[in-house]
Amino acid sequence: MDVSTGLQLLNLISLNINLTPSAAEYEKRFEADDKIRRDIFRKYDGSMPFRKDSPLQILPVLTIDHIRSLDQNKGTMTVAMSFLFTWMDDRLAWNSSNYSGVQTITGHKFDFYLHDLWLPTLHLADMPGSAKQQDLFKNHDVDIVIHKSGTVRASIKALITTPCYFGFGDYPNDYQNCTFTLMSPYFADAFQFSDWGGFAYSKYLLEDRISDVQDFMLINVDSHRYFMYLGMDVVENIGTLPPGYCRGFYRYVLTLKRMNKLVFSQLTAPMIVIIVLMTIAGFLPNRYGLPVLLATLGIELMFTISMTDVLPDNFNGMPNIGILAILLVIETMVLTAWKVFSIYTRNNRRLRVVKEEDQIYQIVIWTDRVLMVALIVEGMINIHIAKAN
């Protein structure tokens with residue numbers, strides 16, 4: 001920026017220009033706003049906007065404002081969210097030059113009740129704990145913006161409890177999905193959801209911010225529309241089907257990832273200790289390895305009890321780390337029985353050994369040696385699996 005430009009800006013600042021509209025400008029705006037409402041609603045009958053060439057398209061955009069709570073036992077999540085629905089109503093268009101340049105009129109939905117403004121009926125389907133479907137536009141917090149082109153935007157804030165289909169087979173690296181569906185009672189020849197709507201991240205819920213919902217973080221939101229033909233068949237596109245027998249749906253899927261920072265200390269660290277003790281027991285002589293195995297078995301039992309406090313209640317499916325813990329308990333018991341048999345065989349070997357007894361003794365010797373190598377390999381594999389979980 002050169003000196004002359006800087007001086008011009010300084011002069012503008014020194015003028016102390018008042019950018020707040022004056023009382024006269026407010027009055028002019030109010031009169032123009034009132035005249036627009038009287039003119040565009042004079043012959044308005046409150047019916048659904050009709051389009052000759054195509055059905056009315058409504059664009060849904062969802063914003064997640066805050067995840068309030070998540071109940072893993074009931075399989076529900078309560079979310080504060082905002083919807084923005086946009087559609088065209090040609091009957092509400094005006095020429096701004098005839099109305100002091102006013103391009104938009106705004107208000108709460110109750111401000112337009114006297115004018116019988118048409119608003120769509122959109123239900124939230126599959127809501128838990130609700131005997132009937134919820135109409136979003138029955139919500140009290142609905143703000144309306146009408147543009148001079150006839151574009152209508154309705155902003156709705158709502159606190160919604162969505163169903164979640166929890167499965168904990170991959171705990172603690174599990175991903176959970178919570179879903180809800182928008183549906184309309186209109187047939188597709190008159191009304192459809194736009195196929196390029198979707199989701200917009202809120203400025204208060206960034207991708208790298210852990211949501212205030214237990215151990216979970218919202219990582220993705222998918223959305224897509226589909227149609228129900230004759231109330232039975234689900235189709236992605238109508239195609240050649242008669243639209244008068246189809247209804248539109250719009251489905252959102254919220255994907256959550258568990259972000260438990262204490263999982264390593266609560267589950268993985270004890271598991272690695274158990275694996276290391278089992279490997280050490282395979283290297284020690286039998287009379288020393290047996291006490292280590294018995295101590296390992298005691299640690300495993302205590303670890304199993306502690307896991308019941310760490311793992312979610314009423315989970316569906318055995319977590320991988322739980323399966324690994326059960327296998328290690330079984331393996332420890334088998335190794336303990338083998339150690340007892342090996343000690344008995346070694347201690348009862350007579351000086352004059354018959355051929356059959358010598359074969360059994362050699363088998364015991366070689367089995368102990370193979371176990372030493374096998375436990376090393378298995379221990380490395382199990383540690384990798386434990387860390388991965």
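To keep things clear, this report deals only with the structure shown in the data block. (Residues numbered from 1 in each chain as written. Predicted model: local features only at pLDDT ≥ 70, side-chain atom pairs only at ≥ 80, totals over all residues. Heavy atoms only, no water.)

1. Examining the overall build of the protein chain
Quick reminder of the rule: Secondary structure elements follow DSSP: runs of H or I no shorter than four residues count as helices, runs of E no shorter than two count as strands, and numbering proceeds from the N terminus. Throughout, exposure labels follow a simple rule: accessible area from a 1.4 Å probe, protein chains only, divided by the maximum for the residue type, with under 20% read as buried, over 50% as exposed, and the rest as partly exposed. Contacts between residues were defined by any pair of non-hydrogen atoms, one from each residue, lying within 4.5 Å.
When its secondary structure is counted, the protein chain shows six helices and 13 strands. Looking at the 389 residues of the protein chain, the share that counts as buried comes to 41%. Intrachain contacts of the protein chain at a sequence separation of at least 6 include 75% that bridge at least 24 residues.

2. What to know about the state of the cysteines
Disulfide: a covalent bond connecting the sulfur atoms of a pair of cysteines. To be explicit about the condition: Two cysteine sulfur atoms form a disulfide, by the criterion used here, when they sit within 2.5 Å.
With the rule as written, the count across this model stands at one disulfide. Note on cysteine connectivity: Cys-164 is disulfide-linked to Cys-178, with sulfurs 1.9 Å apart. Because the torsion about its S-S bond is 105°, the bridge between Cys-164 and Cys-178 counts as right-handed. Of this pair, Cys-164 sits in strand β7 (residues 151-165) while Cys-178 sits in strand β8 (residues 175-187), and the two are 14 residues apart along the sequence. Judged by its relative accessible area of 0%, Cys-178 is buried.

3. Observations concerning the packing of aromatic side chains
What counts is decided by this rule: Two aromatic rings from Phe, Tyr or Trp, using only the six-membered ring of Trp, form a pair when their centres are within 6.5 Å; if the ring planes differ by under 30 degrees the pair is stacked, by over 60 it is edge-to-face, and anything between is tilted.
In total, this model carries 15 aromatic pairs according to the counting rule given. Between the aromatic rings of Phe-41 and Tyr-44, the centroid separation amounts to 5.3 Å while the plane-to-plane angle is 80°, which identifies the pairing as edge-to-face. Residue classification places Phe-41 among the buried residues on the basis of a relative accessible area of 8%. For Tyr-44, a relative accessible area of 10% puts it in the buried group. When the ring of Tyr-186 is compared with that of Phe-191, the centres are 5.1 Å apart and the planes differ by 45°; the resulting orientation is tilted. On the basis of relative accessible area, Tyr-186 is assigned to the buried category, the value being 16%.

4. Concerning the pattern of salt bridges
Filter applied, for reference: A pairing counts as a salt bridge when a side-chain nitrogen of Lys or Arg comes within 4 Å of a carboxyl oxygen of Asp or Glu.
Scanning the entire structure with this criterion turns up eight salt bridges. In this structure, Asp-39 and Lys-35 form a salt bridge, with 3.1 Å as the shortest nitrogen-oxygen distance. With Asp-39 and Lys-35 both in helix α2 (residues 23-40), this residue pair falls four residues apart, about one helical turn. Judged by its relative accessible area of 36%, Lys-35 falls in the partly exposed class. One continuous salt-bridge network, built from bridges that share partners, spans Arg-29, Asp-33 and Arg-37.

5. Topic: unusual backbone geometry
If you check the backbone angles, Ser-100 has positive phi at about 55° while not being a glycine. With respect to the element layout, Ser-100 can be found in the loop between β2 (76-88) and β3 (104-108). Judged by its relative accessible area of 47%, Ser-100 is partly exposed. Although it is not a glycine, Asp-116 sits at a positive phi angle of roughly 55°.

6. Observations concerning the pairing of β3
To keep things clear, this is the line we draw: Between any two strands, at least two bridges found by DSSP are needed for them to pair.
Every second residue of β3 is oriented toward a common face, the buried set being Ile-105 and Gly-107 and the non-buried set Thr-104, Thr-106 and His-108. Of the strand pairs in this sheet, β3 and strand β6 (residues 142-147) are connected by five bridges, and their pairing is antiparallel. By the bridge assignment for β6, Thr-104 is matched with His-147.

7. A short note on the pairing of β8
Judged from the three bridges that link them, strand β4 (residues 123-125) and β8 form a sheet pairing that is antiparallel. Considered in β8, the bridge of His-123 is made with Met-183. Pairing of β7 with β8 involves two bridges; the strand directions are antiparallel. Across the sheet, the residue bridging to Cys-164 is Cys-178, located in β8.

8. Observations regarding the nonpolar core
For clarity, the threshold we go by: The term nonpolar core refers to a set of buried residues drawn from Ala, Val, Leu, Ile, Met, Phe, Trp, Tyr and Cys, joined through side-chain atoms within 4.5 Å.
Among the nonpolar cores identified, the biggest contains 53 residues, and Phe-83, Phe-85, Trp-87 and Ile-146 are the most heavily contacted of them. Among residues more than four places away in sequence, those in contact with Phe-85 are Ile-58, Leu-59, Pro-60, Leu-122, Leu-136, Phe-137, Val-152, Arg-153, Ala-154, Ile-156 and Leu-182. Counting 17 residues, the second largest nonpolar core, distinct from the first, contains Leu-267, Met-271, Leu-293 and Phe-303.

The values are spatial; any link to function lies outside them.
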